[in-house]
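Coordinates in review
Here is what each chain is made of, one letter per residue.
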Amino acid sequence: MINRRTFSKAVSLSTGVAAVSLSGLQTNASAASEPGASAPTVPTITPGARTGFRTLKHVKAGVLDIGYAETGPAHGPVVLLLHGWPYDIHSFVDVAPLLAGQGYRVIVPYLRGHGSTRFLSGNTPRTAEQSAIALDIIALMDALKIDKAVLAGFDWGTRTADIIAALWPERVKALVSTSGYLITNIKAQRDPALPAVEHNWWYQWYFATERGKRAMENEKERLALCRYVWTLVSPNWDFGDATFARTAEAFKNPDYAAIVLYNYRWRIGLIKGERRYDRYEKLLAAQPPIGVPTITLDAALDPFTPAGDGSTYRKHFTGPYEHRTIADIGHNLPQEAPSVFAQAVLDADRL
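Residues numbered from 1 in each chain as written. Predicted model: local features only at pLDDT ≥ 70, side-chain atom pairs only at ≥ 80, totals over all residues. Heavy atoms only, no water.

Remarks on the pattern of salt bridges
In the structure shown here, the tally under the stated rule is twelve salt bridges. The closest approach of N and O atoms between Lys-173 and Asp-349, which form a salt bridge, is 3.1 Å. Residue Lys-173 is located in strand 8 (residues 172–178), and its partner Asp-349 is located in the segment after helix 14 (338–348); the two are separated by 176 residues in the primary sequence. Given the relative accessible area of 2%, Asp-349 is considered buried. Glu-217 serves as the salt-bridge partner of Lys-213, at 2.8 Å between the closest nitrogen and oxygen. Residue Lys-213 and its partner Glu-217 are both found in helix 8 (residues 210–217); the two are separated by four residues, about one turn of the helix. (Salt bridge = Lys/Arg side-chain N within 4 Å of Asp/Glu carboxyl O. Helix = DSSP H or I, 4+ residues; strand = E, 2+ residues; numbered from the N terminus. Buried < 20%, exposed > 50% of the residue type's maximum accessible area, 1.4 Å probe, protein only.)

This is the structure:
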């Protein structure tokens, strides 16, 4: 989830800022248009209206065989939707058709270690540095012959989209970055945070122990832990057993435990990354700016993101920019508020 340094710096901010309401969005479907044009309004839908994607596809890309959902016109402008942890492509099950209805070709991939995505070789180290995951998505774009796309994500997906926008801006038309600027600063992670922040990160410290490792490697315990995290980070989200079960299938990937444990241990400096990624991580350690058109979203009930005006990370975004705080919504913003998330994608594409 998000960088605890970002939260630590922001924890004392007032929450008295304007918030985006989930009501009042009217139906006005139209094809995607050029930047600067007035964006159409996304239809208001009830979250959870859809239960899955019609078809899943696969493509060999980099070190992976990536499983992904695709919807919308084949020759429409591309949107890549990137999920976080502990979630999967179903976080966008309502967002994707909303964007497809506006003329976009929507691609929703399983990240490494999730769902139907598999490593091509049993000899490839099951690592999960932030740059490795970003390079997976670059490889996916190359495999699908996508030169440029709008990137939108949350949690791990935000971090991945931020990295691509910072290091490969020519591949990004616009960006929707939930929780702001999430490129991990390993050096900053070494210092203690405020007690409330450390409390929120309980599972990160748990994963650093042998006990937490054993829990993640046990499927039953892993699923129970992931479901518990859902309840903590999205306190207003009344999801049912079937909703969790659909996503939980993605957690049964044979590399899931290894990828998750590696990512959280790596980001707090307990393990070193692969040398092949060192040059990218060196660039990311400098906290590079993002110059592509960007809308940042903060979910007001997300414990990792105190509702504010985005000022703690505003300096990282140097191009056309807007910030929105979404009232009454938790960490899994696209699944809890799909119309609001889809609207942000349309608006970012026109900044």
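Observations regarding the layout of surface pockets
Approximately 370 Å³ is the volume found for the largest pocket. Around the largest pocket, the lining is made up of 19 residues, and of these Ile-186, Trp-266, Gly-273, Asp-278 and Glu-281 lie nearest the centre. Elements with a contribution of two residues or more to the lining of the largest pocket: helix 5 (186–189) and helix 12 (278–285). Broken down by element, the lining of the largest pocket gets its largest block of residues, five residues, from helix 12. Its residues assigned to classes, the lining of the largest pocket shows six nonpolar, five polar and eight charged. Here the second largest pocket defines a volume of roughly 260 Å³. (1 Å grid on protein atoms, 1.4 Å probe; cavity = no way out; pocket = protein on both sides within 12 Å on 5 of 7 lines; lining within 4 Å. Points joined across faces, edges and corners; volume = space filled by probe spheres on them. Nonpolar A, V, L, I, M, F, W, Y, C, P; charged D, E, K, R; others polar.)

So, empty space enclosed by the protein
Inspection of every chain in the model, using the stated rule, returns two cavities of 30 Å³ or more. As for the second largest cavity, its lining consists of Gln-130, Ile-133, Trp-156, Arg-159, Thr-160 and Asn-263. Of all the secondary structure elements, the ones that give two or more residues to the lining of the second largest cavity are helix 3 (130–143) and helix 4 (156–167). A per-element tally of the lining of the second largest cavity places helix 4 first, with three residues. Residue classes in the lining of the second largest cavity are distributed as two nonpolar, three polar and one charged.

Some remarks on the environment of Pro-77
Tracing the backbone shows Pro-77 in the loop between strand 3 (64–71) and strand 4 (78–82). Expressed as a C-alpha distance, the spacing of Pro-77 and Arg-105, which sit 28 residues apart in the sequence, is 5.8 Å.

Notes on the side chain of Asn-253
Along the chain, Asn-253 turns up in the loop between helix 10 (241–248) and helix 11 (256–267). A distance of 3.0 Å separates a polar side-chain atom of Asn-253 from the backbone oxygen of Gly-115. A polar contact of 2.8 Å, which involves the side chain of Asn-253, links it to the backbone nitrogen of Asp-255. In this structure, Asn-253 is in contact with Gly-113, His-114, Gly-115, Thr-117, Arg-118 and Arg-222, ignoring residues within four places of it in sequence. (Polar contact = N/O pair within 3.5 Å; in protein donor to acceptor, adjacent residues only side chain to side chain. Contact = heavy atoms within 4.5 Å.)

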